[in-house]
Every structure is written in structure tokens, then in C-alpha cells.
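Structure assessment
The primary structure of each chain is shown beneath.
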Amino acid sequence: ITIKDKLWTFNRILFLLAGIFAMLSVFVYNSIWDVLRLFAMMAAIIGFLLMRDGIGDEGFVTTGTYVPYIHVKNYDYALQKKKFTVYFVYSDPKGKGKGVYNASIDFHPDDQEEIKKLLKERIGRKYMRMKKN
């Protein structure tokens, strides 16, 4: 990943709160199985919090899935209040399905020009204005 997404998104904050509440519940457990479940849950939460989305020279990563630029059908970007969002429409990178998937990655607004330059250089012909919700 060359350019990483914004660190604090809504999903990350929810997972952080889930981790805090899970750690607070450690005092009510009375079985070894409950403690083992807590450790498994905390490992999953910490793993999610360490995982980052972003774009690189050969593709982008979203929710742990690497997508090479050759699978991108089209992309668009928009500057919103406090974030620069890039939208991708792509086919299945594993080649198993024939479906089309959508992804959006939120970046810091300061990275806007660098992201535009990278996308134009790598997959500029696939730029398309899309309707956003």
C-alpha cells in the first residue's frame, strides 16, 4: 500500500468500542471457555484494527482483499467535507464469479493530488463519473 486510508472511520470506531466493552466484560466470566472466547474475539478485533485499506502501484486493498488494477472496470473520486473518497467498480479478482463489486476508500484530503496522479497514471482510461449516494 503506497497511500493508506483515513485511520479513524466509523467501522474502526465501532470495533474499538466492541473491544473495550469485551475487555470490560472479562470480570463476569466464570469459565475457561468464556476466557478463551474473549481471547479469540480480541484477536479478531485487533486484527481488524491493524488492517488498512489503500492504493498502491499495482492495485488497491479494501477490507483485506487485494484487487489488481486490471480487474477495475471504472473508478471515480469525490472530495467531501473532511475526506477524499475513491470509488471503484471491479470484477472478482479471484476469477470465480462473474459479478461486479463496488468499493469505496476514504483518504485524507491532503493526499488528493497524489491519488489522482497515481490513478490517472495507472488506470486513467477507466475514469468515469458515477452517481454517488
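Just so it is clear, the model here is predicted, and its values are computed rather than measured.

The next thing to look at is the environment of isoleucine 45. By the secondary structure assignment, isoleucine 45 is in helix H2 (residues 32-50). When its relative accessible area of 7% is taken as the criterion, isoleucine 45 is described as buried. Taking the C-alpha atoms as reference points, isoleucine 45 and arginine 12, separated by 33 residues in sequence, lie 9.4 Å from one another. Non-local contacts of isoleucine 45, meaning those with residues more than four positions away in its chain, are made with Phe15, Ala18 and Gly19.

What follows concerns the pattern of salt bridges. Counted by the stated rule, this structure contains seven salt bridges. Residue arginine 52 is joined to aspartate 5 by a salt bridge in which the shortest nitrogen-to-oxygen separation is 2.9 Å. Here arginine 52 is found in the loop between H2 and strand S2 (54-55), whereas its partner aspartate 5 is found in the loop between strand S1 (3-4) and helix H1 (10-24), with 47 residues between them in sequence. In this structure arginine 52 comes out as partly exposed when scored by relative accessible area, which is 22%. The partner of glutamate 121 in a salt bridge is arginine 122, with the nearest N and O atoms 3.9 Å apart. A relative accessible area of 53% means that glutamate 121 is categorised as exposed. By sharing partners, the salt bridges in this structure join Asp5, Arg12 and Arg52 into a single network.

If you walk across this open sheet you meet the four strands as S1-S2-S3-S4, and the pairing is antiparallel. Two strands close off the open sheet at either side, each with one partner strand: S1 and strand S4 (65-68). Of the pairings in the sheet, the one linking strand S3 (residues 59-62) to S4 comprises four bridges and is antiparallel in character. Its bridge partner being in S4, valine 61 is matched across the sheet by tyrosine 66.

Calculation rules
Residues numbered from 1 in each chain as written. Predicted model: local features only at pLDDT ≥ 70, side-chain atom pairs only at ≥ 80, totals over all residues. Heavy atoms only, no water. Helix = DSSP H or I, 4+ residues; strand = E, 2+ residues; numbered from the N terminus. Buried < 20%, exposed > 50% of the residue type's maximum accessible area, 1.4 Å probe, protein only. Contact = heavy atoms within 4.5 Å. Salt bridge = Lys/Arg side-chain N within 4 Å of Asp/Glu carboxyl O. Pairing = 2+ DSSP bridges.

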